[in-house]
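Working through the structure, step by step
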Amino acid sequence: MAHLKLFADIRHFLSIWFHGAPLEDIKRDNVADLLAYAFFYKTRDEVDAEGRAHELEAMVQFIEATWDVTLTPGHNPSLRWMCHLWEPMKVWYEPLGFYLFMEAAALLGALALRADRPLLALEFKHVSMRWVLWVPTVDEVAEVLVAIMRREGLERCCLMGHSYGTAVASRLLQQHPAKVVQTCMIDPVCFSMFMPNLLRNFLYESPGSGSRLGDFMMQCAARDVHVSATLSRRFFWSDVNLFEEQLPGRSLVVLSGQDVLMAAAEVRRGPELGVGGRQEGSVGRLGAACTAAYINAGRSLVMLSGQDMLVAVAEEITASRYARGIVFEDPITRISDINAYQLMIRAIKTLFNVAFDLHDVTITKPDEVTTTWTMSLKAWELPWQPTLLFSGRSFYKVDSGGTIISHRDVWDAVDNNAFLSPEAVAEVLRQLLQLQITPGLETPAYTVLKAARDYELRRYQPYIVAETAMPSGSTPAGGAGFNDLAGYIFGGNSNQQSMEMTTPVFTRSPAQPGAAGDSSGSGEVTMQFVLEKKFADVDELPQPNSRKVRRKQLPGSFCAAARFSGFAFDWEVKDAERKLRAALAKDGLRAKPGYSLARYNEPWVPPPLRRNEVLLELVDFEWP
């Protein structure tokens, strides 16, 4: 209980709930009234009538024992607490023209949205000062999101929420945890919701941001009829409150140090002190005495705070966590100043569309943290828009106070990782001058775990294909079977249903009949079309009209892929397979017999611009 005592000052805590009343005026039964409302959404008399008065008494005794206070017996009838669900709503009504303006602004925002990967952006119109006829609860919004995922054939997602969106994310994590792989919570309102700050600052008082205009705009938002109805009638804190142990294995929580609604320091202090079921001492430390940034090596949880955010590629990192003379080095860059470090990060974010996968965080030494990652950089300003792909490890050194003093990156694609390594410079230029085109079509979901010089190591999620056997004597580079599959997806099925074209077209060649990788057991070469993700199961697909076409669910797998351009003639494919097997053998990796050829482009794309890949499925491979 000691950590709870440090987490909140009971005098200040109860005083805020009771509109500034001193603790001496708050009687024991007043606290019981507050607890009945907060946990049961009922009056104390209603809880007593249900025979649960002993539960309220136990809560009051717990408060007295934890904070070493003795509440005065009795009841002060003149005191009121913040019971927003029972009180009249505070509403300012806007004219119709205001809502027309907000709809136009929302439309412009939607048109400006762009994403380089599949993205579901859920609008919360009822908390966006827009006109709606239905004000849903958080639970209802979460269920709508689950229904959309089911309709789109999405089994799992990476969940990002901001402000009210984190409340929806909280319910999704509580009710459907298997659907969430990782989360990013920005300015969350779902942690430590038993603290009165959010309720007071948004619904009852001006937040005191220091700006009259800012406070007025905040009040306008709070008094909007739909926002007020949402928070004063359809928002239940005890349901929404999220505890740290309910977060998935890879979670990022970003707090603003000067948030005028939530007390960021109290939210951050929760994991530090074990609030919410976590035991003291279970948060990993950056070095022996790091007290500010927390990295849990087992769950890769990063909790950060501070208004002056340094926007890093991997994650949001507070600038104050870094030494002024931080030394950064990778194979093409060397920096020894925090300002230059910030400038480098901003330049990367400006010049490239950045995607970053953080695979692992490990405390490798008392003063060192090592991360494993993959990063892709799409050079959107170049006409051919190449994507640079790197993977590697980052080594962070910290001093005794927990400040990061050095950051060194090592790339998997080069052997010589020294500064200005000719090998690294050549690798960057090779990727920049890569002209191969990847169509903007749906493709099987995969994560690049390692980007070596000669291949990519990928983890594929399960996906569904339509498959046909190619005629005897066919090779993967041939095109036989394409028309049968095209006929199926363009209406040659029991529902006469047309489906979207996807990429790539796979042809699979086992080494011999019945070999590993031979899906048919006959040694036949097969061609496969990847089917849309909205089909969650083979049974949802229409039956093919042609007996030559089969539908199949392929399991997830680890594969190595080598890319090459050209028309993918037989000799090019075999040469690519031979080189890939040699590269894997050099790195101590084993692959199954047989291979797959993936072709991404239409027949008329010129050879230098064509993207082709040879893929080998790995044997006895585990990650990480």
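Since the structure is predicted, the reported quantities are computational estimates derived from the model, not experimental observations.

Remarks on the overall build of the chain
Summing up its helical and strand segments, the chain has 17 helices and 23 strands in all. A separation threshold of at least 6 residues defines the contact pool for the chain, and within that pool the share at least 24 residues apart is 68%. Split by element, the accessible area of the chain, about 30200 Å² in all, is 57% carbon and sulfur.

Structural notes on the packing of aromatic side chains
Remark: the centre distance and the inter-plane angle together describe each pair of aromatic rings, the angle taken between the planes. Within this structure, the stated rule accounts for 18 aromatic pairs. Consider the rings of Tyr446 and Tyr460, whose centres lie 5.0 Å apart with planes at 45°: the pair is tilted. One end of the pair, Tyr446, is in strand E14 (residues 446-451); the other, Tyr460, is in strand E15 (residues 456-460), with 14 residues separating them in the sequence. Among the residues examined, Tyr446 registers a relative accessible area of 27% and is labelled partly exposed. Note on Tyr463 and Phe506: the rings are 6.2 Å apart at their centroids and 25° apart in plane angle, and the pair reads as stacked. Here Phe506 lies in strand E17 (residues 505-509) and Tyr463 lies in strand E16 (residues 463-469), a separation of 43 residues in the sequence. Take Phe506: its relative accessible area is 2%, and that puts it in the buried class. Aromatic rings pair up to connect Phe18, Tyr37, Tyr41, Trp81 and Trp86 into one cluster.

Examining the side chain of Thr230
Of note, Thr230 is situated in helix H11 (residues 225-233). You can call Thr230 buried: its relative accessible area is 1%. Polar contacts involving the side chain of Thr230 include one to the main-chain carbonyl oxygen of His226, which spans 2.8 Å. Not counting chain neighbours up to four residues away, the residues in contact with Thr230 comprise His126, Val127, Val135, Tyr164 and Phe235.

Side note on helix H17 (residues 570-586)
Owing to its 3.6 residues per turn, the α-helix aligns residues three or four sequence positions apart on the same side. The end-to-end C-alpha distance of H17 is 25 Å, a good match for the 24 Å that 17 residues give at a rise of 1.5 Å each. The complete set of buried residues in H17 reads Glu572, Val573, Ala576, Glu577, Leu580, Ala583 and Leu584. Buried residues of H17 fall within an arc of 135° about the axis and therefore sit on the same side. Looking at H17, the residues exposed on the side facing more than 90 degrees away from the buried face are Trp571, Arg578, Ala585 and Lys586. Of the surrounding elements, those touching the buried residues of H17 are strand E20 (557-564), strand E21 (590-591), strand E22 (595-599) and strand E23 (612-619). At the exit of H17 stands Gly588, carrying a positive phi of roughly 75°.

Thoughts on the pattern of salt bridges
A side chain of one charge can pair with a side chain of the opposite charge if their charged atoms are brought near each other. Taken as a whole and assessed by the stated rule, the structure comprises 32 salt bridges. Notably, a salt bridge pairs Lys592 with Glu617, separated by 3.2 Å at the nearest N-O pair. Within this pair, whereas Lys592 is found in the loop between E21 and E22, its partner Glu617 is found in strand E23, the two being separated by 25 residues in sequence. Taking the relative accessible area as the measure of exposure, Lys592 reaches 25% and is therefore partly exposed. A single salt-bridge network, built from bridges that share partners, covers Glu456, Arg458, Arg611 and Glu613.

Looking at the sheet that holds strand E8 (residues 322-330)
Reading across from one edge, E9-E8-E13-E12-E11-E10 is the order of the six strands in this open sheet, with mixed pairing throughout. The open sheet has two edge strands, strand E9 (333-335) and strand E10 (353-365), and neither has a second partner. Each strand axis lies, on average, 20° off the axis of its neighbour in the sheet, ignoring direction. Direction of pairing for E8 relative to E9: antiparallel, over a ladder of three bridges. Within the sheet, the bridge partner assigned to Phe328 lies in E9 and is Ile335. Contacting strand E12 (387-398) and strand E13 (404-411), helix H15 (residues 422-432) runs over the sheet at an angle of about 145° to E12.

Structural notes on helix H3 (residues 28-40)
Between its first and last C-alpha atoms H3 spans 18 Å; for 13 residues at 1.5 Å apiece the expected length is 18 Å, and the two agree. Most of H3 sits inside the fold, with 11 of its 13 residues counted as buried. Looking at H3, one finds that the buried residues are Arg28, Asn30, Val31, Ala32, Asp33, Leu34, Leu35, Ala36, Tyr37, Ala38 and Phe40. Where H3 terminates, the next one or two residues include Tyr41, which has phi positive at roughly 55°.

Overview of the nonpolar core
Core analysis: the largest hydrophobic core is formed by 66 residues, its most contacted members being Leu14, Phe18, Val31, Met185 and Phe235. Ranked by residues supplied to this core, first place goes to H3 with eight residues. Non-local contacts of Phe235, meaning those with residues more than four positions away in its chain, are made with His84, Leu85, Val138, Tyr164, Ala167, Met193, Thr230 and Val240. If you look at the next biggest cluster of nonpolar residues, it comprises 26 residues, including Met375, Ala379, Phe390 and Val414.

Examining unusual backbone geometry
A cis amide bond links Thr503 to the next residue, Pro504, at an omega of -5°. Tracing the backbone shows Pro504 in the loop between helix H16 (482-489) and E17. Non-glycine residue Ser163 carries a positive phi angle of around 55°. Position of Ser163 among the secondary structure elements: in the loop between strand E1 (157-162) and helix H8 (164-175). Given the relative accessible area of 27%, Ser163 is considered partly exposed. Backbone geometry places Leu420, a non-glycine residue, at a positive phi of 55°. Looking at the element boundaries, Leu420 is found in the loop between E13 and H15.

Considering the packing of H3 against helix H5 (residues 53-67)
Contact geometry of H3 with H5 gives a least axis separation of 10 Å together with a crossing angle of 115°. Here H3 is positioned roughly perpendicular relative to H5, judged by the angle of their axes. As for how H3 packs across H5, the hand of that crossing is right-handed. Here H3 contributes Arg28, Val31, Ala32, Leu35, Ala36, Phe39 and Phe40 to the contact with H5, which in turn contributes Glu55, Leu56, Glu57, Met59, Val60, Gln61, Ile63 and Glu64. Classifying every residue of the contact of H3 with H5 by side-chain character gives 10 nonpolar, one polar and four charged.

Scoring rules and cut-offs
- Residues numbered from 1 in each chain as written.
- Predicted model: local features only at pLDDT ≥ 70, side-chain atom pairs only at ≥ 80, totals over all residues.
- Heavy atoms only, no water.
- Helix = DSSP H or I, 4+ residues; strand = E, 2+ residues; numbered from the N terminus.
- Contact = heavy atoms within 4.5 Å.
- Areas by Shrake-Rupley, 256 points an atom, 1.4 Å probe, with all protein chains shown as cover.
- Phe/Tyr/Trp six-rings, centres within 6.5 Å; stacked < 30°, edge-to-face > 60°.
- Buried < 20%, exposed > 50% of the residue type's maximum accessible area, 1.4 Å probe, protein only.
- Polar contact = N/O pair within 3.5 Å; in protein donor to acceptor, adjacent residues only side chain to side chain.
- Expected span 1.5 Å × (residues − 1).
- Arc of directions from axis to C-beta.
- Salt bridge = Lys/Arg side-chain N within 4 Å of Asp/Glu carboxyl O.
- Pairing = 2+ DSSP bridges.
- Axes fitted to C-alpha atoms, helices over the stretch in contact; angles between N-to-C directions.
- Core = buried A, V, L, I, M, F, W, Y, C linked by side-chain atoms within 4.5 Å.
- Parallel < 35°, antiparallel > 145°, perpendicular 65-115°, else oblique.
- Left-handed = near helix turned anticlockwise from the far one by under 90°.
- Nonpolar A, V, L, I, M, F, W, Y, C, P; charged D, E, K, R; others polar.

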